[in-house]
Amino acid sequence: MNDRMRLVVAASVTASVLISCAGTPASRPSASATSAGPATEKAGLDITFREPGQWVSLVDGKEAPPPAIEMGDDQVTMKILREGALNSKVMDNLKALTVERGPRLTGSSNLKRAQDWASQSFREWGLTNVHLEQWGTVGVGFDRGPSSGTIFIARPMRPETRPGVNTRDAAANTAEPAKDAAKEAPKEEPKVEWTKVREVELTALSWSIGTNGTVRGPVIREPKDEAEYAAMKDSLKGSWVLLQAPPALGMRGIRSMMSARYDMRKEARKKVAEGKPVSELPIAERLAFEPIAGYISSSRDERVWTGAVSGWRDLTIAERDSFDDDQPHVQVRLSDYDFLNSRLADGEKVEVEFNLDHKFRAGPVPEYNVVAEIKGSKFPDEYVIISGHLDSWDGPGSQGATDNGTGSAVTLEAARILKAVGARPLRTIRFVLWAGEEQGLLGSKGYVESHKDELAGISAVFVDDGGTGYQGGVQVASPQVEMLAAATAPMNNVFFSHFDKKFLNVDVKNTGEVMKSHGGSDHHSFNQAGVPGFFWEEGGRADYQFGWHTQNDKINLAIEEYLIQSATNSAVVAYRLGCAPTLLPRAKVEANERPNMLRREQRQQNSESTPQQPAANPSRS
C-alpha cells in the first residue's frame, strides 16, 4: 500500500469506499481527488492516512514535530487508524444501547440489560477479565414505563347533537310542547363535549410516585391566599393543580424546585404525624392532604429536565408502594404550561389526562461498573483506563444518547478496534463503563475506593462524557505535555470533516504545573486520589444543551463522523500510552475546581432564553 490513501466514510453506513492513492497533501485534499457523485454528497469524512514520519503534534493550537518517545509499534498504530476509519462499529454500539435498550437510569432494569450486553460484547471481541464490579446498592429499583399527557378543552355541544333538538328526529318533532318549561324544570347547565387539543411533552422525577393508570381531571391554579383556597376547596378533589411558573432558573434550579416541593410535602406529612393540625399549615403544604390528582409545573422552555427525588438512594419499598406517601408531580414544556394557563385565564374549562407508569423493585438493588481488559504483555499491573458512564437519566422520550451513550459506544469501539488489530500493549488497557455518574460519580468513587492498591500503577484515566462531539483536545499539566503530544500525534491531519471543512485534530493544552478543568465527570474521582484523570474536550457542531438530561436526548443527535474519530483516538492513545517507557507523570490538582461542569451549566443557562432546535444532522438520515 502506498504512503497515503484517501477514502470517504459515508455517515449513514459503516462501510467505507476506497477512492484513490496519491502523495500526502499539506492540507485538505482537493475535490478532484475525491469521488464525484452521490457518495461525496453523503460523505462525513475524508481520511488521509499519514505514515509515522509525517505525524505532527498539536500543542496549544500549534503544530510541532512529535516528541521522540517510543510508544509501541508504529505499524500497529497505523492498523488501529485503518480499522477505526474503515470498519467502524461505533453506531452499532450506540443503537444497541439507546434504541434497543433505552435510557439507563442507575437502579433500573434497562441499565442492567445494557451492562449485560456490553459484557457479552467485550467477551465476543476477545477481551479478558470481563466482569460486573459492584460499587454499592440502591434502596429501591426504579423502572419508568410509557408516560403520556393530553389536554382536553370543553366545547359547547352542537344543537343537532342535543337530545330532542335534532330537527330530523321525528319523535322530537311530534312531541307535545311544554306549556311552561321554565316552571316545570330547573334550567340545565349548557351541555359540552370534550375535545382533545394537545399532547404534552413531560417528565417526572425518577423514583417519584406515578399515576397507577390513567388519571384525568380538571386543571385549577394553585390558590395564592386563604380566600382563593376557600373558594376552590370543594373543587380540589380529582383536580390537577397548576403551580405558578418558576423564575428563570437553570436546569438544576428547575429540577431542584420539583425536589423541593417533594421535600415540602414529605415534611408536612411528618409535622401532621407529630400532631400539628393540617389547618395550621401553609396553603402549599395543606395541598398535600387534599384529594387532588397531582401537580403540574413548568419548564422554562421547550425542554423538560429530569432529575430524582431527594433521598432516592435510601428509599424503602414500603415508602414507594403506598400512594398515600405522595402525589404525582409532572413537569411540562413552557408552551404546554402557557396553553393551560391562557385557557384558564380566558375562563375555559380544561382537563388533563396523565399516565405515568412508574414501577418499583424492592432492594437493596446491587449496582455495578462494567470492566474489561487487554492484558499487558510486560507490565500487567500497570494500567491505562478508557471509560465513559453507561448510566443516563430516564425522562420520557430520552434514549440517553449523548449523555452518555456516545461515550459508552466510543469506549466499546476502542476496545473492539484494539482487539481487531491484535494490539499487544506493554501495560494493561482497562475499559470501564461507569454507573451512578449522574447521581454524583458514584461508580468511579466506588472504584477508586476498592482499587486503592492499584492506584499507583494507573498511568492515566480518560473519560468521554462531552456528548457527540469529536475528541478535540485535552487539558494537561506541563510535566504531561510531551507524552500526550506524542500519544495523540498520529491522529492529526487525518480525519477531515466535509461538513466542518476542517481536520478533526487533537489539541494538547498546557495548563501549567497544576491540572485544571478536571471536574464534572468520573475522572474527577481519580484526580482527587492523585491519579491523572482526563476529560476529552469535544469539538464540532453538536448542540450539547439541546439534549442534555431532556426528552430530546435521542440517537438522531449523534454525529457519526465525530464518534468514528473519537473511538479511533481513544484506541490510539490507549495503545501508545500502554507502550510508553514510563507511566504518565503525576501533577498537582487544583483543589475544589470543577470548571468542566460549570462551563456546561453556564452554556445551558445562557441558551435557556432562546433554545434552538439543532439543524438536521447532515451525516445521518
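Residues numbered from 1 in each chain as written. Predicted model: local features only at pLDDT ≥ 70, side-chain atom pairs only at ≥ 80, totals over all residues. Heavy atoms only, no water.

Colleague: How would you explain the overall build of the chain if you had to name every residue and give the values?
Modeller: For the chain, the helix and strand inventory stands at 18 helices and 24 strands. Here the chain, with 621 residues, has 55% of them falling under the buried criterion. A separation threshold of at least 6 residues defines the contact pool for the chain, and within that pool the share at least 24 residues apart is 85%. On the chain, roughly 25,300 Å² of surface is accessible, and the fraction owed to carbon and sulfur atoms is 51%. (Helix = DSSP H or I, 4+ residues; strand = E, 2+ residues; numbered from the N terminus. Buried < 20%, exposed > 50% of the residue type's maximum accessible area, 1.4 Å probe, protein only. Contact = heavy atoms within 4.5 Å. Areas by Shrake-Rupley, 256 points an atom, 1.4 Å probe, with all protein chains shown as cover.)

Colleague: Now, about the packing of aromatic side chains: what can you tell me, with residues and values included?
Modeller: Following the criterion strictly, the structure yields 14 aromatic pairs and no others. Measuring from ring centre to ring centre gives 5.8 Å for Tyr447 and Phe526, while their planes differ by 50°; the resulting arrangement is tilted. A residue pair is termed long-range when its members are at least 10 positions apart, and Tyr447 in helix H13 (residues 442-450) and Phe526 in helix H15 (residues 523-527) qualify at 79 residues. Residue Tyr447 is classed as buried on the basis of its relative accessible area, which comes to 1%. Residue class for Phe526 comes out buried when judged on its relative accessible area of 0%. Clustering of aromatic rings is evident, with ring pairs tying together Phe142, Trp207, Trp312 and Phe360. Positioned above the aromatic ring of Phe49 is the side chain of Arg82, whose terminal nitrogen or guanidinium carbon lies 5.3 Å from the ring centre. Sitting above the plane of the Tyr229 ring, Arg286 keeps its charged end 4.9 Å from the centroid. (Phe/Tyr/Trp six-rings, centres within 6.5 Å; stacked < 30°, edge-to-face > 60°. Lys NZ or Arg CZ within 6 Å of the ring centre and 35° of its normal.)

Colleague: How would you sum up the packing of helix H2 (residues 74-86) against helix H12 (residues 401-420)? Please name residues and give values.
Modeller: Helix-helix packing is described using two parameters, namely the angle between the two axes and the distance between the axes. Packing of H2 against H12 leaves a shortest axis separation of 9 Å and a crossing angle of 125°. By the angle between their axes, H2 is oblique relative to H12. With respect to the hand of their crossing, H2 and H12 are arranged in right-handed fashion. Contact residues: H2 offers Ile80, Glu83 and Gly84, while H12 offers Arg416, Ile417, Leu418 and Ala420. (Axes fitted to C-alpha atoms, helices over the stretch in contact; angles between N-to-C directions. Parallel < 35°, antiparallel > 145°, perpendicular 65-115°, else oblique. Left-handed = near helix turned anticlockwise from the far one by under 90°.)

Colleague: Can you lay out the pattern of salt bridges for me, pointing to particular residues and giving the numbers?
Modeller: Per the counting criterion, the structure on display carries 35 salt bridges. For Arg82, the salt bridge is made with Glu51, and the minimal N-O distance between the two is 4.0 Å. One end of the pair, Arg82, is in helix H2; the other, Glu51, is in the loop between strand S3 (43-48) and strand S4 (57-59), with 31 residues separating them in the sequence. Judged by its relative accessible area of 18%, Arg82 is buried. (Salt bridge = Lys/Arg side-chain N within 4 Å of Asp/Glu carboxyl O.)

Colleague: Help me get a handle on the side chain of Ser497, residues and values and all.
Modeller: Along the polypeptide, Ser497 turns up in strand S18 (residues 495-497). When its relative accessible area of 0% is taken as the criterion, Ser497 is described as buried.

Colleague: Break down the nonpolar core for me, with residues and values.
Modeller: Ranked by internal contacts, the top residues of the largest apolar core, which has 96 residues, are Phe122, Leu418, Phe431, Phe462, Phe495 and Leu577. For this core, the element with the highest residue contribution is helix H17 (residues 560-578), accounting for 10 residues. (Core = buried A, V, L, I, M, F, W, Y, C linked by side-chain atoms within 4.5 Å.)

Colleague: Account for helix H11 (residues 334-345), with residues named and values stated.
Modeller: For H11, built from 12 residues, the straight-helix expectation of 16 Å at 1.5 Å per residue is met to within 8% by its first-to-last C-alpha distance of 16 Å. Gly347, located one to two residues past H11, shows a positive phi value of around 80°. (Expected span 1.5 Å × (residues − 1).)

Colleague: If you had to explain H12 to someone new, which residues and values would you point to?
Modeller: Among the 20 residues of H12, 18 are classified as buried, and the element is accordingly described as predominantly covered. Two residues or fewer after H12 comes Gly422, characterised by a positive phi angle close to 70°.

Colleague: Give a detailed account of the pairing of strand S12 (residues 329-332), specifying residues and quantitative values.
Modeller: The two faces of S12 match: His329 and Gln331 on one face and Val330 and Val332 on the other face are all buried. Direction of pairing for strand S8 (residues 202-203) relative to S12: antiparallel, over a ladder of two bridges. In the sheet register, Leu202 faces S12, and the bridge partner there is Val332. Of the pairings in the sheet, the one linking strand S11 (residues 294-298) to S12 comprises four bridges and is parallel in character. Residue pairing in the sheet places Ser297 in a bridge with Gln331 of S12. (Pairing = 2+ DSSP bridges.)

Colleague: Give a description of the confidence of the model for the chain that names residues and reports values.
Modeller: Averaged over every residue, the pLDDT of the chain is 86; the share at 70 or more is 81%. Below a pLDDT of 50 lies the segment residues 170-175, which in the model reaches five contacts outside its immediate sequence neighbourhood of four places, other chains included. (pLDDT = per-residue confidence, 0-100.)

Colleague: Mind laying out unusual backbone geometry, listing which residues take part and the relevant values?
Modeller: Here the amide bond leading from Gly363 into Pro364 is cis, since omega sits at 5°, within 30 degrees of zero. Between Asp403 and Asn404 the backbone carries a cis peptide bond, its omega angle lying at 5°. By the element assignment, Asn404 lies in helix H12. Phi at Leu441 takes a positive value of approximately 55°, unusual for a residue other than glycine. Mapping Leu441 onto the fold places it in the loop between strand S15 (427-434) and H13. For Leu441, a relative accessible area of 5% gives the class buried. The backbone phi angle of His549 is positive, close to 65°, even though this residue is not glycine. Its location among the elements puts His549 in the loop between helix H16 (544-547) and H17.

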